[in-house]
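The lines below spell out each chain.
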Amino acid sequence: MKFGAFAAAAAVVLTACGSTGTTPGSTQEQPPTATMKPQTSIGAGEGQLNLVLWDGYADKSWADPFTAATGCKLNLHPAGSSDEMVSLMKDGGGGQWDMVSASGDADLRLIYGGDVKPMNTDLIPDWQNFDNYFKGPPYNTINGIHYGISLQWGPNTLLYNKKKFPNKPTSWQVIYDSANSGLITVPDNPIQIADAALYLSKTQPSLGIKDPYELTQKQFDATVALLKQQRPLIKKYWGLATDEISLFKNGDVQVGAAWPYQTIQLKAAGAPVDDTIPSEGATGWADTWMLATKATHPNCAYMWAKWVSTPKVQAMQALSFGETPVNSKACAEMEAQQAGSCHQYHADETGAAYFDTIKFWKTPLADCGNGSKTCIPYATWVTAWTSIKG
Amino acid sequence: MSWLRPLVLLTPPVGWFVVIYLAALVTLLITAFWTIDPFTTQIVQSWNLDNFRIIITDSTYWSIIGRTVGIATLVTATDAVLAFPFAYFMARVATRRVQTLLFAAVLLPLWASYLARVYAWILILNHSGVLNWSLQSIGLPPANIGYTNTAMWLVFSYIWLPFMIIPVYAALERVPESLMEASADLGARRWQTLRDVVLPLAAPGVVAGSIFTFSLTLGDYITPILVGGASSTFIGNVVYANVGIANNIPFAAALSMVPLGIMAVYLFIAYRLGAFEAL
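So, how was this worked out
Residues numbered from 1 in each chain as written. Chains lettered and ligands numbered in written order. Predicted model: local features only at pLDDT ≥ 70, side-chain atom pairs only at ≥ 80, totals over all residues. Helix = DSSP H or I, 4+ residues; strand = E, 2+ residues; numbered from the N terminus. Rg over C-alpha atoms; globule rule 2.2 N^0.38 Å. Buried ≥ 20, exposed ≤ 12 C-beta atoms within 10 Å, placed from the backbone. Contact = placed C-beta atoms within 7 Å. Pairing = 2+ DSSP bridges. Core = buried A, V, L, I, M, F, W, Y, C linked by C-beta atoms within 7 Å. Domains from an automatic or database assignment. Axes fitted to C-alpha atoms, helices over the stretch in contact; angles between N-to-C directions. Parallel < 35°, antiparallel > 145°, perpendicular 65-115°, else oblique. Left-handed = near helix turned anticlockwise from the far one by under 90°.

## So, the overall build of chain A
Then, number 1: The number of helices and strands found in chain A is 14 helices and 15 strands.
Then, number 2: Computed over its C-alpha atoms, the radius of gyration of chain A comes to 20 Å, within 12% of the 21 Å expected for a compact globule of 390 residues.
Then, number 3: Along the first, second and third principal axes, the C-alpha set of chain A runs to 60 × 50 × 35 Å.
Then, number 4: Expressed as a percentage of the 390 residues in chain A, the buried residues total 55%.
Then, number 5: By sequence separation, contacts in chain A at least 24 residues apart represent 73% of the contacts at least 6 residues apart.

Pasting the structure below:
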């Protein structure tokens, strides 16, 4: 978590913080591994590949064919949180781990910690088919250097019980409304502050919040105040997706912030729920396969990155997880595997306008992206989260 | 060479104690006086009291410490009240055979995983759980105590109860029968004997048990995550968040000093009450 090293030295900083067209990523202080030249070809496999990943990201249905095709045996270590991923990957994975399927809130910590190194996108043929935004999003691409291969993404949706809300809620206001006291759940994660900031950016424009991850002290204080007001209304802050599923299933909560995964699981179990992206837009996560600085099986790592980028595997993973693939060619595969799923998961959305409504997770830094260093860094988000929960 | 033998015998346990236990505590103590650079989250090794100043001045930490100590006290009192009659029956009333059976009953839950036992309580207490189902089937309104501090109190009291019963049982078993007979001979009624003879002699056992129930609750962070509600953060949860999420180990170390201090005071009082004679 040495992500802020550059923040102190950011005299001339230009940040491509928006999400318009082909993003060249951010233009910022060089990470420690920026000068490491990535390999230019994929050699013979090493027979092994050690992955730190979200549970299910190497499902048998696409991992076994990979091992059969490449001879790379997978050793998996599922992590429970972004923070666990960051701590496992300390010291460049320590020679123990080759790759990590990091989410946007962890990426900059890994990049500026020197734990991951640049990757050569030329070795991933399907990278050309990625939606433009995901070729070089600001959370994994710095100064045009790619610190990983984008994988999948998803929005943080508003999940609700259809019996309690016969009409689809149109605003995040429902999770701040005292009428729903004791029926609300939100993730137990400091990055949740961004959800409140996004809501305030639309409902209190006078605060001038442009990016929910780049908050000045005044904007941050207003956001924390809103979350402290919300606290007495919360039934429980959920830690694991399965916790939220059982909260909804047992009727302990009726509305909350969730991922499409929970919706799919709950619907499959027959629970009367649905999800929506309210008018204020939503935050979202996007995962990236990153290569450990001390990876000992780099060839198998590149073969894996290549494998999971193919339309077929992208579609399989999207359907098993309720995620959206970054490969635009995956849409047809999704339709073939499950009709209607491409549109259902927004995989046919390629316009910049759509991605503007999703504010992707990124590690909050002191650097506001406009040369100013007065924004609130992640460490302060964590402290504030403690005081919000009391 | 008469000094050699005790030296050889004592070196392993004393060495183990110093290296493993004291060294870890000293490291913790030293780290607590350092800080981290808020931008890089690297540890800055300059001596200051910032972490302690934050803990003392920020009301958030006072309410978290207050909640932790409050619930630990409540759990201890609950367990003492539940354990005493049970242990009394085991030690002084039950036959040898029943005694063995009760012992097994007390210890049996400890064979199951802590997590399994906590999750079992989630199934009982949640909205559509066993408790509400039972209440509704006899026509009573549902009790929504799932994911509250009440739920934490219940679960903690259940989980640590054996740790109270065993020392109280040990203390009660050591009360000589002759004292009770003497008390009766001198004209004391049963409740008088209980109050003036049995209770004072059993008190060190209760205090010893309370050390377990109090310290185990004080240091827990899993039950608050699983059965706690929106305002159920314990000291342990903040320590965990500072190590795992914020990477602020100095602050976590400083906050760990709080339960350490509380336990030091508690153990001193327990020592004065003679609890260690019953261990």
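From this point, the discussion proceeds with the structure in view.
## Regarding the environment of Tyr169 of chain B
Residues and elements named next belong to chain B.
Then, number 1: Positionally, Tyr169 belongs in helix H7 (residues 149–173).
Then, number 2: Each C-alpha atom of the pair Tyr169 and Ala87 lies 4.7 Å from the other, and the pair is 82 residues apart in sequence.
Then, number 3: Once residues lying within four places of it in the same chain are set aside, the contact partners of Tyr169 are Ala87, Met90 and Ala91.

## Overview of the pairing of strand S8 (residues 157–161) of chain A
The two faces of the sheet receive side chains in turn, since in a regular strand these alternate between them.
Residues and elements named next belong to chain A.
Then, number 1: Across the 5 residues that make up S8, a large majority, 4, are buried.
Then, number 2: As judged from the 4 bridges shared by S8 and strand S11 (residues 255–258), these two strands associate in the antiparallel manner. Paired with Leu159 across the strands is Gly256, a residue of S11.
Then, number 3: In terms of strand pairing, S8 meets strand S12 (residues 273–276) through 4 bridges, oriented antiparallel. By the bridge assignment for S12, Leu159 is matched with Asp275.

## A closer look at the nonpolar core
Then, number 1: Residues Met99, Val100, Ile193, Met290, Ala301 and Trp304 of chain A together with Leu255 of chain B are the most contacted members of the largest nonpolar core, which totals 133 residues.
Then, number 2: For this core, the two domains that each supply at least three residues are domain 1 (3–152 + 287–349) and domain 2 (155–283 + 367–389) of chain A.
Then, number 3: Setting aside residues up to four positions removed in sequence, Met99 of chain A forms contacts with Leu51, Trp289, Met290, Leu291, Ala292, Ala295, Ala301 and Trp304 of chain A.
Then, number 4: Counting 40 residues, the second largest nonpolar core, distinct from the first, contains Ala91, Val106, Leu131 and Ile165 of chain B.

## Quick word on the domain arrangement of chain A
Often the size quoted for an interface is simply the accessible area lost on bringing the parts together.
Then, number 1: Here chain A is described as being made up of domain 1 (3–152 + 287–349) and domain 2 (155–283 + 367–389).
Then, number 2: Of note, the centres of domain 1 of chain A and domain 2 of chain A, computed from C-alpha atoms alone, are 26 Å apart.

## Digging into the packing of helix H3 (residues 59–93) of chain B against H7 of chain B
All names here are of chain B.
Then, number 1: Between H3 and H7, whose axes approach to 6 Å, the crossing angle comes to 40°. Viewed along their axes, H3 and H7 adopt a mutual orientation that is oblique. Both H3 and H7 take part in a crossing whose hand is right-handed.

## Structural notes on the pairing of strand S7 (residues 149–155) of chain A
Residues and elements named next belong to chain A.
Then, number 1: For S7, the buried fraction is high: 7 of the 7 residues fall into the buried class.
Then, number 2: Two strands pair when backbone bridges link them, and S7 and strand S13 (residues 282–292) are joined in this way by 6 bridges, in the antiparallel orientation. When the sheet's bridge partners are listed, Trp153 is paired in S13 with Ala286.
Then, number 3: Summarising the sheet, S7 and strand S14 (residues 324–325) pair through 2 bridges and their orientation is antiparallel.

## Looking at unusual backbone geometry
Only a minority of non-glycine residues have a phi that is not negative, and only a minority of peptide bonds are not trans.
Residue and element names in this part refer to chain A.
Then, number 1: Even without being a glycine, Asp91 presents a positive backbone phi close to 60°.
Then, number 2: For Asp91, the location among the structural elements is in the loop between helix H2 (82–88) and strand S3 (99–103).
Then, number 3: Asp91 sits in the partly exposed class, given 13 other C-beta atoms within 10 Å.
Then, number 4: Its identity as a non-glycine residue notwithstanding, Asn143 has a phi of 55°, on the positive side.
Then, number 5: In this fold, Asn143 is placed in the loop between strand S5 (141–142) and strand S6 (145–146).
Then, number 6: Note on Asn143: 13 C-beta atoms within 10 Å, which makes it partly exposed.

## Overview of the sheet that holds strand S10 (residues 234–238) of chain A
Residue and element names in this part refer to chain A.
Then, number 1: Ordered in space as S10-S9-S11-S8-S12, the 5 strands form an open sheet in which the pairing is mixed. Sheet topology places S10 and S12 at the edges, where each strand pairs with a single neighbour. Strand-to-strand, the axes of this sheet are offset by a mean angle of 25°, without reference to chain direction.
Then, number 2: Helix-sheet contacts for helix H7 (residues 241–249) involve S8, strand S9 (184–187), S10, S11 and S12, and the interaxial angle to S10 is about 150°.

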